[in-house]
Amino acid sequence: MRCPVCNSIDVGKVETDQYYCWNCLHGFSLKGVDGFSAYYVDEEGALVSLSEMVQNSQLPQENIWG
Ligand SMILES: [Zn+2]
């Protein structure tokens, strides 16, 4: 079992099909054989999906500033 984000083997299982990497401090859950969805825990303890972060960073500036 390796972290799909940083490829570290320092990964712990937290729930069924949910893992946490102690190296890069990302969590991830497995989806099927090769798929996964990675997230991190923000300062307030909320899970933030990495794919959501990518989408947010791609928003045009007009949308960010309203
Ligand atoms: Zn990692």
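Everything below is about the structure shown above.
Small disclaimer: the values here were computed from a predicted structure and weren't measured.

K.L.:
Help me understand the side chain of Ser29, please; the structure alone is not making it clear to me.
P.N.:
In this fold, Ser29 is placed in strand β3 (residues 26–31). Ser29 sits in the buried class, given a relative accessible area of 11%. With sequence-adjacent residues up to four places away left out, Ser29 is seen in contact with Asp17, Gln18, Phe36, Ser37 and Tyr39.

K.L.:
Explanation requested: the coordination of the zinc ion in the structure shown.
P.N.:
Angles at a metal have ideal values that depend on geometry: 109.5 degrees with four tetrahedral donors, 90 or 180 degrees with six octahedral donors. On the protein side, the zinc ion has Cys3 (SG), Cys6 (SG), Cys21 (SG) and Cys24 (SG) as donor atoms, found 2.2 to 2.3 Å from it. Between consecutive donor residues of the zinc ion, the sequence gaps follow C-x2-C-x14-C-x2-C. Placement of Cys3 in the segment before β1 (11–15) and of Cys21 in strand β2 (residues 18–21) is noted, with a sequence separation of 18 residues between them. A single burial state applies to Cys3 and to Cys21, both of which are buried.

K.L.:
Would you take a moment to explain the packing of aromatic side chains for this structure?
P.N.:
Working definition: an aromatic ring pair is given by the centre-to-centre distance plus the angle between the planes. Tallying each qualifying case throughout the model produces 2 aromatic pairs. For the pair Tyr19 and Phe28, a centre-to-centre distance of 6.0 Å together with 20 degrees between the ring planes defines the contact as stacked. Just as Tyr19 is buried, Phe28 falls in that class too. Where Tyr20 meets Trp22, the ring centres are 4.8 Å apart and the plane angle is 70 degrees; that geometry is what we call edge-to-face. You can call Trp22 exposed: its relative accessible area is 52%.

K.L.:
Help me understand the sheet that holds β2 in this model?
P.N.:
The strands making up a sheet associate through hydrogen bonds between their backbones, and the pairing can be parallel or antiparallel. The 5 strands are arranged β1-β2-β3-β4-β5 in an open sheet whose pairing can be described as antiparallel. Among the strands making up the open sheet, the edge pair consists of β1 and β5 (47–49). Averaged over all neighbouring strand pairs, the angle between strand axes comes to 35 degrees, with direction disregarded. Taken together, the 4 bridges between β1 and β2 define a ladder with antiparallel strand orientation.

K.L.:
Help me understand a nonpolar patch on the surface in this model?
P.N.:
Side chains of Met1, Val5, Leu30 and Phe36 sit close together on the surface and give an oily, nonpolar patch of about 340 Å² of accessible area. The partly exposed category is assigned to Phe36, whose relative accessible area is 38%.

Parameters at a glance
Residues numbered from 1 in each chain as written. Predicted model: local features only at pLDDT ≥ 70, side-chain atom pairs only at ≥ 80, totals over all residues. Heavy atoms only, no water. Helix = DSSP H or I, 4+ residues; strand = E, 2+ residues; numbered from the N terminus. Buried < 20%, exposed > 50% of the residue type's maximum accessible area, 1.4 Å probe, protein only. Contact = heavy atoms within 4.5 Å. Donors = N, O, S within 2.8 Å, 3.2 Å for Na, K, Ca; no water. Phe/Tyr/Trp six-rings, centres within 6.5 Å; stacked < 30°, edge-to-face > 60°. Pairing = 2+ DSSP bridges. Axes fitted to C-alpha atoms, helices over the stretch in contact; angles between N-to-C directions. Patch = residues over 30% accessible without salt bridge, like charges linked within 9 Å, V, L, I, M, F, W, Y side chains within 5 Å. Areas by Shrake-Rupley, 256 points an atom, 1.4 Å probe, with all protein chains shown as cover. Salt bridge = Lys/Arg side-chain N within 4 Å of Asp/Glu carboxyl O.

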